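Now for the letters of each chain:
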Amino acid sequence: MSVQSPISSVNDFVVRFANVNGSGSASANELFARAILRHGVPVSPRNIFPSNIQGLPTWYEVRVTEDGHLGARGGVDMMVAMNPQTWDKDVASIESGGYLFYDSTKPMPTSKFRADITVIGVPLTAITNSTYTDPRQRQLFKNIIYLGSLCALLEMDPKLIEQLIGEQYKGKEKLLSSNVHALHLGRDWALQNLKCPIGLRVKKADRVGDRIFIEGNSAAALGAVYGGATVCAWYPITPSSSLADAFTSHCKKLRHDPETGQAKYAIVQGEDELASIGIVIGASWNGARAFTATSGPGISLMQEFIGLSYFAEIPAVIMNVQRAGPSTGMPTRTQQCDILACAYASHGDTKHVLLFPEDPAEAFEFAAQAFDLAERLQTTIFVMLDLDIGMNHRLCRPLKWDDARQYDRGKVMTAEMLDDGRDFGRYLDVDGDGIPYRTYPGTHPTKGSYFTRGTSRDRYARYSEEGAVYADNMQRLVRKFETAQDMVPRPLQANAAKPTKYGVIYFGSTAPAMDEAIKILEAKGHALDRMRIRAFPFHSSVASFIADHDFVYVVEQNRDAQLRSLIVNENGIDPVRLVPIRHYDGTPITARFIAGAIGEHQDQLKLTPLRKVKS
């Protein structure tokens with residue numbers, strides 16, 4: 001079955017694999033993505049998986065893009081349909097002129113296809129059943145066989161895939177040879193029975209450059225190692241567990257004394273999230289650099305301890321890998337929905353520093369920087385990742401570190417300073433920046449001690465419930481938060497090619513799709529200045545950017561426009577001037593969605609009301 005005008009594209013298309021969770025397809029699908037990278041062509045893969053162990057639908061999408069677009073595009077050019085449960089939905093998602101690849105062992109009624117797509121059937125089950133007798137082998141090698149067929153259909157170099165298989169099964173010759181054999185079973189069948197290649201093709205290029213392919217959680221964990229973290233306390237929760245696992249792996253390589261082999265770190269799985277943040281605060285109070293990795297439900301449980309960190313002014317770092325809420329929500333779907341929960345975490349008047357990395361490279365940098373900020377500001381710092389950044393591989397610039405960089409421990413009063421007669425008040429602001437001096441436990445045998453409490457106290461940490469004393473302390477915390485504005489990463493701004501009265505604000509994982517959406521909008525005649533916010537508290541340039549434009553679109557992945565609300569609340573801006581662009585179905589935001597939503601609003605602004613004609 002064919003179509004008159006199938007899509008024809010080289011190094012620019014989207015392939016989606018529809019599988020069943022637990023079928024062993026994930027490794028084969030990732031192998032497909034990595035093989036295209038070996039061709040020198042950038043890819044942007046995304047794994048969409050269920051929160052159960054086995055049996056529910058899972059999708060793996062690979063965007064092949066020589067132009068280097070790393071955001072989700074929207075739409076599917078080729079569907080590899082391996083799951084009968086989602087067949088109708090999968091077929092419906094294919095672009096007109098696209099391709100459907102399926103297991104044709106059992107005949108399908110014509111009503112299950114579409115007239116405007118090209119259907120490619122390969123009898124995968126029949127091939128595996130005639131080759132293998134073990135049921136598990138049949139399932140696993142079927143995935144490699146369809147990879148082999150795609151290799152022929154897309155004109156990929158099989159030697160590059162063989163090379164990857166060789167790296168994966170190095171030292172396991174039996175597995176290596178059997179996987180290569182399965183690859184060629186699929187490729188040979190396609191070459192002998194199908195018209196190869198199809199309109200979608202992979203052509204060798206040199207567009208990857210020196211970029212690396214890494215998950216955000218792994219990059220953030222490595223940033224924690226380089227940032228000096230020696231303690232990680234955590235409780236398993238999707239999608240942050242792999243961050244703690246990666247920290248463990250990195251520490252085993254980098255944090256053992258080369259002479260004694262002794263571990264120079266502590267990784268503790270707490271009994272729950274509450275215990276985990278308690279361990280972090282205790283370790284930080286004692287002078288260690290400590291963090292926890294969690295997600296939205298964990299943040300909810302940590303509220304009281306977060307308040308203690310804020311009010312008692314104890315450093316702490318929380319890596320929040322956001323997922324869809326509220327409650328259990330969709331544990332394996334991405335959102336940016338913890339902005340307000342983290343910015344004002346805990347009861348009473350609190351404000352916390354949030355860092356918004358856009359990719360694994362910034363996840364590495366911001367994770368490392370978070371520990372300096374936590375100690376400079378003596379408070380909790382949130383690194384606001386999400387599932388899209390954290391659990392998906394992404395191309396990014398190489399991770400760099402300056403070995404001459406020194407950790408900034410902030411204002412720490414030493415024994416020498418105390419002996420010199422320096423006035424030590426734990427909550428005394430001597431520099432006007434709101435940040436007091438602290439001492440480590442055991443700094444001096446007789447001086448510099450204080451009682452760490454979560455209740456109100458005066459500048460010298462003496463218990464007090466006097467209103468004036470409490471207000472003085474709370475106002476100093478405001479000054480400290482204002483000081484943080486010039487310490488956190490500043491927004492990045494780019495102007496349109498021509499003057500415009502419209503702007504757009506975005507942050508975090510929306511960035512790759514936003515960059516592409518700008519090009520789509522420009523092609524349609526819409527000019528937008530843009531600003532990527534990288535931290536809260538907001539730099540003064542955020543308010544200035546908004547003031548310079550009639551309307552500013554705020555692009556985010558949550559229902560309630562949380563970043564927009566935070567901007568309005570913190571800057572006293574008329575909310576009418578901030579137009580929310582919200583995406584919250586749990587899938588990564590796409591360039592098409594952003595461009596469509598902003599373009600529609602722009603078109604409405606251009607409409608001129610009709611004059612009333614008198615009869």
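Relevant structure appears above.
Because the structure is a prediction, the values reported are computed rather than measured.

Trainee: Would you mind going over the overall build of the chain in detail, with residue names and values included?
Mentor: Within the chain, the regular secondary structure consists of 20 helices and 22 strands. Relative to its length of 615 residues, the chain is compact, with a C-alpha radius of gyration of 27 Å against a globular reference of 25 Å. Seen through its C-alpha atoms, the chain measures out along the principal axes to roughly 90 × 90 × 40 Å. The proportion of buried residues among the 615 residues of the chain is 56%. Long-range contacts, defined here as pairs at least 24 residues apart, represent 75% of the contacts in the chain between residues at least 6 apart. Of the roughly 26,500 Å² of accessible surface on the chain, 50% is carried by carbon and sulfur atoms.

Trainee: Kindly report on the packing of aromatic side chains, identifying the contributing residues and their values.
Mentor: Across all of its chains, the model carries 15 aromatic pairs by this definition. Look at W87 and F113: their rings are 6.0 Å apart centre to centre, the planes differ by 70 degrees, and that puts the pair in the edge-to-face class. With W87 in helix α2 (residues 87-92) and F113 in the loop between β6 (94-103) and β7 (118-122), the pair connects residues that are 26 residues apart, well separated along the chain. W87 sits in the buried class, given a relative accessible area of 6%. An aromatic cluster of at least three residues, connected via ring pairs, comprises F17, F32 and Y146.

Trainee: I'd like to hear about the sheet that holds strand β18 (residues 502-507), residue by residue, with values.
Mentor: Read across the sheet, 5 strands follow the order β17-β19-β18-β21-β22 without closing on themselves; strand pairing throughout is mixed. On the outer flanks of this sheet lie β17 (492-494) and β22 (578-582), each paired with one strand and no other. Ignoring which end each strand starts from, the neighbouring axes of this sheet average 20 degrees apart.

Trainee: I'd like to hear about the sheet that holds β7, residue by residue, with values.
Mentor: Ordered by their spatial adjacency, 6 strands build an open sheet running β3-β4-β2-β5-β6-β7, and the pairing between neighbours is mixed. Each end of this open sheet is capped by a strand with a single partner; those strands are β3 (43-48) and β7. Averaged over all adjacent pairs, the angle separating strand axes in this sheet is 15 degrees, with direction ignored. In this sheet, β6 lies alongside strand β5 (residues 76-81) in parallel orientation, the contact comprising 5 bridges. Its bridge partner being in β6, M78 is matched across the sheet by Y99.

Trainee: How would you summarise the pattern of salt bridges if you had to cite specific residues and measurements?
Mentor: All told, the structure shown has 35 salt bridges when counted by the stated rule. The closest approach of N and O atoms between K142 and D103, which form a salt bridge, is 4.0 Å. Pair noted here: K142 is in helix α4 (residues 135-153) and D103 is in strand β6, with a separation of 39 residues, a long-range link. For K142, a relative accessible area of 18% puts it in the buried group. Through salt bridges with shared partners, a single network forms among R289, D372, E375, R405, R409 and R438.

Trainee: How would you summarise the side chain of T334 if you had to cite specific residues and measurements?
Mentor: Looking at where T334 falls in the secondary structure, it is placed in the loop between β13 (316-322) and α12 (339-343). In terms of polar contacts, T334 uses its side chain to reach the backbone amide nitrogen of D388, at 3.2 Å. Those residues in contact with T334 that sit more than four places away from it in its chain are D386, L387, D388, Q557, G586, T587 and P588.

Trainee: If you had to explain helix α9 (residues 273-285) to someone new, which residues and values would you point to?
Mentor: Given a rise of 1.5 Å per residue, 13 residues ought to cover 18 Å, and the 18 Å separating the end C-alpha atoms of α9 matches this to within 8%. Of the positions making up α9, those classed as buried are E273, S276, I277, G278, V280, I281, A283 and S284. Here the buried face of α9 lies against β10 (231-234), β12 (290-294), α10 (296-301), α11 (303-312) and β13. Residue D272 occupies the N-cap position of α9, its side-chain oxygen lying 3.2 Å from the main-chain nitrogen of L274. The positive-phi residue at the C-terminal boundary of α9 is G287, with phi of around 105 degrees.

Trainee: Any chance you could break down the nonpolar core for me, citing the residues and the numbers?
Mentor: Of all hydrophobic cores here, the largest spans 77 residues; its most connected members are F291, M319, L355, I505 and I533. With 8 residues, the single largest contributor to this core is helix α13 (residues 360-377). With residues near it in sequence (within four places) discarded, I533 still touches F356, P491, I505, Y506, F507, F538, V542, L563 and I567. Counting 51 residues, the second-largest nonpolar core is a separate cluster that includes L37, V43, V62 and I165.

Trainee: Explain helix α5 (residues 158-168) to me, and be specific about the residues and the numbers.
Mentor: Listing the buried residues of α5 in full gives P158, L160, I161, L164 and I165. Relative to the axis of α5, the buried residues are bounded by an arc of 160 degrees and lie together on one face. Against α1 (25-38), α4 and α6 (173-193) lie the buried residues of α5. If you check the start of α5, you find a side-chain oxygen 3.0 Å away from the backbone N of K159, and it comes from D157.

Trainee: How would you sum up the pairing of strand β19 (residues 529-533)? Please name residues and give values.
Mentor: Buried residues dominate β19, accounting for 5 of its 5 residues. Residues of β19 alternate between two faces, with D529, M531 and I533 on one and R530 and R532 on the opposite face, all of them buried. Of the pairings in the sheet, the one linking β17 to β19 comprises 3 bridges and is antiparallel in character. For Q493, the partnering residue across the bridge sits in β19 and is M531.

Calculation notes
Residues numbered from 1 in each chain as written. Predicted model: local features only at pLDDT ≥ 70, side-chain atom pairs only at ≥ 80, totals over all residues. Heavy atoms only, no water. Helix = DSSP H or I, 4+ residues; strand = E, 2+ residues; numbered from the N terminus. Rg over C-alpha atoms; globule rule 2.2 N^0.38 Å. Buried < 20%, exposed > 50% of the residue type's maximum accessible area, 1.4 Å probe, protein only. Contact = heavy atoms within 4.5 Å. Areas by Shrake-Rupley, 256 points an atom, 1.4 Å probe, with all protein chains shown as cover. Phe/Tyr/Trp six-rings, centres within 6.5 Å; stacked < 30°, edge-to-face > 60°. Pairing = 2+ DSSP bridges. Axes fitted to C-alpha atoms, helices over the stretch in contact; angles between N-to-C directions. Salt bridge = Lys/Arg side-chain N within 4 Å of Asp/Glu carboxyl O. Polar contact = N/O pair within 3.5 Å; in protein donor to acceptor, adjacent residues only side chain to side chain. Expected span 1.5 Å × (residues − 1). Core = buried A, V, L, I, M, F, W, Y, C linked by side-chain atoms within 4.5 Å. Arc of directions from axis to C-beta.

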